[in-house]
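Residue-level structural notes
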Amino acid sequence: MNEDPRRPWARDGGAEPIFDLPTPLTLLLLFLVGIQGLRVWWSTGTDVMVMATFAFVPARYVLEAGVPVWPGGWGALVWSPFSYAFLHDGWAHLAFNAAMLAAIGRVVWARLGSVRFAALFLFTAVAGALVQWAVDPGSEIPTIGASGVAMGLLGAMLRFVFSGVRAPLMPLRRSVAHPRVQSFVGALVLMNVVLVVLGSAPFGGSGGGIAWAVHLGGFLGGFLGLPLFDPPRVVRGTTRLG
């Protein structure tokens, strides 16, 4: 089998199979589908409690008498910046995010492998939650969805995709100045403006607001943080540490 170093997921002949995802990414998407299926199946009361316990809520970090008052207690202060990314506002929300994770995730996975990809996934989730908290630290509105992670994976992908999946990481200054990277960033800004103005209802959501701060945080986490997860690469006898 001949492998294109710029597209290692492609088969012989240059075709890029639409549904040929790496097994870990497929399992991740099935896990997200399973969680959404449970949310449809169990009672409304249970779902409300799950949301209050596992969604990211900035006000969760406002303690009363030194004690957290939201469901989940101290534990939720730790896990909610991760767990919110696995919950979605209906099947349409999940489908949109799953499509982005599949399209972008397989490219990033091809460079990082399973363990580093999982670490970047969680890192960008936390980055999105951190910016959301910084923008509105007292908000009691739950934040859910993997779109921040998808934006983070996109940010990470933009650091290398135009030079090749196996190529050395593009330096930050060069990445920022790259015309195609700038085009992607401009499109992302426009997309988020449209989403903030229209809300989630036209796209199958319940009508809740769009967490643009999570998108921003996730993107910056992936774009700036990829070197923390990029594996060492040997190029012409020299070793570059990612």
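My aim in this report is to walk through the structure given alongside it, one point at a time. (Residues numbered from 1 in each chain as written. Predicted model: local features only at pLDDT ≥ 70, side-chain atom pairs only at ≥ 80, totals over all residues. Heavy atoms only, no water.)

Notes on the environment of G113
Mapped onto the secondary structure, G113 falls in the loop between α4 (91–112) and α5 (114–135). Residue classification places G113 among the partly exposed positions, given a relative accessible area of 22%. (Helix = DSSP H or I, 4+ residues; strand = E, 2+ residues; numbered from the N terminus. Buried < 20%, exposed > 50% of the residue type's maximum accessible area, 1.4 Å probe, protein only.)

A short note on the pattern of salt bridges
This model, assessed by the stated rule, comprises two salt bridges. Taking the shortest distance from any N to any O, the salt bridge between D47 and R39 comes out at 2.7 Å. Owing to a relative accessible area of 15%, D47 belongs among the buried residues under this scheme. Here R39 falls in the buried class, since its relative accessible area comes to 14%. The residue D230 makes a salt bridge to R111 at a minimum N-O spacing of 2.6 Å. Of this pair, D230 sits in the loop between α9 (212–225) and β1 (233–235) while R111 sits in helix α4, and the two are 119 residues apart along the sequence. (Salt bridge = Lys/Arg side-chain N within 4 Å of Asp/Glu carboxyl O.)

Some thoughts on helix α1 (residues 23–41)
Quick reminder: α-helices carry 3.6 residues per turn. Residues three or four places apart thus point the same way. Under the 1.5 Å per step criterion, the end-to-end length of α1 is 26 Å for 19 residues, consistent within 8% with the ideal 27 Å. Turning to α1, its buried residues are L25, L28, L29, L32, I35, Q36 and R39. The arc that holds the buried residues of α1, viewed along the axis, is 115°, so those residues lie on one side. Across α1 from its buried face, at more than 90 degrees, point the exposed residues T23, L27, L30 and W41. Where α1 is buried, its residues contact α2 (44–54), α4 and α5. (Expected span 1.5 Å × (residues − 1). Arc of directions from axis to C-beta. Contact = heavy atoms within 4.5 Å.)

Quick look at the packing of aromatic side chains
Evaluation of the coordinates by the stated rule reveals eight aromatic pairs. An aromatic cluster of three or more residues is present, and its members are F31, F86 and F121. Positioned above the aromatic ring of F223 is the side chain of R159, whose terminal nitrogen or guanidinium carbon lies 5.5 Å from the ring centre. (Phe/Tyr/Trp six-rings, centres within 6.5 Å; stacked < 30°, edge-to-face > 60°. Lys NZ or Arg CZ within 6 Å of the ring centre and 35° of its normal.)

Observations regarding the packing of α4 against α5
Packing of α4 against α5 leaves a shortest axis separation of 8 Å and a crossing angle of 130°. Between α4 and α5, the crossing angle belongs to the class labelled oblique. In this structure, α4 crosses over α5, and the sense of that crossing is right-handed. Here L101, G105, V108, W109 and L112 of α4 come into contact with α5, specifically with S114, R116, F117, L120 and F121. Per-class residue counts for the contact of α4 with α5 are seven nonpolar, two polar and one charged. (Axes fitted to C-alpha atoms, helices over the stretch in contact; angles between N-to-C directions. Parallel < 35°, antiparallel > 145°, perpendicular 65-115°, else oblique. Left-handed = near helix turned anticlockwise from the far one by under 90°. Nonpolar A, V, L, I, M, F, W, Y, C, P; charged D, E, K, R; others polar.)

A closer look at the nonpolar core
In terms of nonpolar packing, the biggest core is built from 51 residues, with L101, V108, L120, L153 and F160 touching the most fellow members. Elements supplying a minimum of two residues to this core: α1, α2, α4, α5, α6 (147–157), α8 (179–198) and α9. With ten residues, α4 is the single largest residue contributor to this core. Aside from chain neighbours lying at most four places away, what touches L120 is V108, L112, L153, A156, G222, L226 and F229. (Core = buried A, V, L, I, M, F, W, Y, C linked by side-chain atoms within 4.5 Å.)

Structural notes on the environment of L154
Tracing the backbone through its elements, the reader meets L154 in helix α6. Distance from L154 to F223, taken between C-alpha atoms, is 7.8 Å for residues 69 residues apart in sequence. Look past the residues within four positions of L154 in its chain and what remains in contact with it is I104, F184 and L188.

Here's the deal with unusual backbone geometry
In this structure, A65 is a non-glycine residue whose phi angle is positive, near 55°. With respect to the helices and strands, the residue A65 is situated in the loop between α2 and α3 (73–83). Given a relative accessible area of 83%, A65 falls into the exposed group.

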